[in-house]
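Letter by letter, the chains look like this.
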Amino acid sequence: MEDKVKIEKVTVTYGELRSTGYPTFSNKRHELTLEASLEPGESARTVKDRLHELAKREVRKAFGDNVDQCELDLPC
């Protein structure tokens with residue numbers, strides 16, 4: 001018999017390390033952790049995927065990438 005686990009929160013951490021090379025080598029890392037409480041009827045996988053996309057977008061913005069603000073149905 002399988003034990004059922006009730007998932008109440010989802011936490012995602014996303015980070016990137018970017019390196020630049022010659023003539024001046026450097027490493028830069030940005031990382032972000034997001035957490036969400038599940039609402040009734042929400043799937044943990046769906047919430048995880050959404051948090052991952054949000055964290056990825058914010059990390060890219062931290063690097064100065066041109067990120068579309070509206071791509072994830074967020075207020076623009």
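Below or above, wherever it landed, is the structure these notes cover. (Residues numbered from 1 in each chain as written. Predicted model: local features only at pLDDT ≥ 70, side-chain atom pairs only at ≥ 80, totals over all residues. Heavy atoms only, no water.)

1. Some words on the overall build of the chain
Step number 1: Within the chain, the regular secondary structure consists of 1 helix and 2 strands.
Step number 2: Of the regular secondary structure in the chain, the N- to C-terminal order runs β-β-α.
Step number 3: The buried share among the 76 residues of the chain stands at 21%.
Step number 4: The long-range fraction of contacts in the chain, counting pairs at least 24 apart against all pairs at least 6 apart in sequence, stands at 43%.
Step number 5: Total accessible area on the chain stands at roughly 6,200 Å², and carbon and sulfur atoms take up 49% of it. (Helix = DSSP H or I, 4+ residues; strand = E, 2+ residues; numbered from the N terminus. Buried < 20%, exposed > 50% of the residue type's maximum accessible area, 1.4 Å probe, protein only. Contact = heavy atoms within 4.5 Å. Areas by Shrake-Rupley, 256 points an atom, 1.4 Å probe, with all protein chains shown as cover.)

2. Comments concerning the environment of Ile7
Step number 1: The topology assignment puts Ile7 in the segment before strand 1 (9–20).
Step number 2: Residues contacting Ile7, with those up to four places away along its chain left out, are Leu38 and Ala44.

3. Regarding the pattern of salt bridges
Step number 1: Counting across every chain of the model gives 9 salt bridges.
Step number 2: A salt bridge links Glu8 to Lys6; the shortest N-O distance between them is 4.0 Å.
Step number 3: Given a relative accessible area of 69%, Lys6 falls into the exposed group.
Step number 4: Among the salt bridges present, the one from Glu16 reaches Arg60, with a minimum N-O distance of 3.9 Å. A residue pair is termed long-range when its members are at least 10 positions apart, and Glu16 in strand 1 and Arg60 in helix 1 (residues 44–62) qualify at 44 residues.
Step number 5: Look at Arg60 and you get partly exposed, because its relative accessible area is 33%. (Salt bridge = Lys/Arg side-chain N within 4 Å of Asp/Glu carboxyl O.)

4. Things to note about the packing of aromatic side chains
Step number 1: For the coordinates displayed, the defined rule picks out 0 aromatic pairs.
Step number 2: A cation sits over an aromatic face here: Arg18 above Phe63, 4.1 Å from the ring centre. (Phe/Tyr/Trp six-rings, centres within 6.5 Å; stacked < 30°, edge-to-face > 60°. Lys NZ or Arg CZ within 6 Å of the ring centre and 35° of its normal.)

Take it as geometry only, folks, not as evidence of what the structure does.
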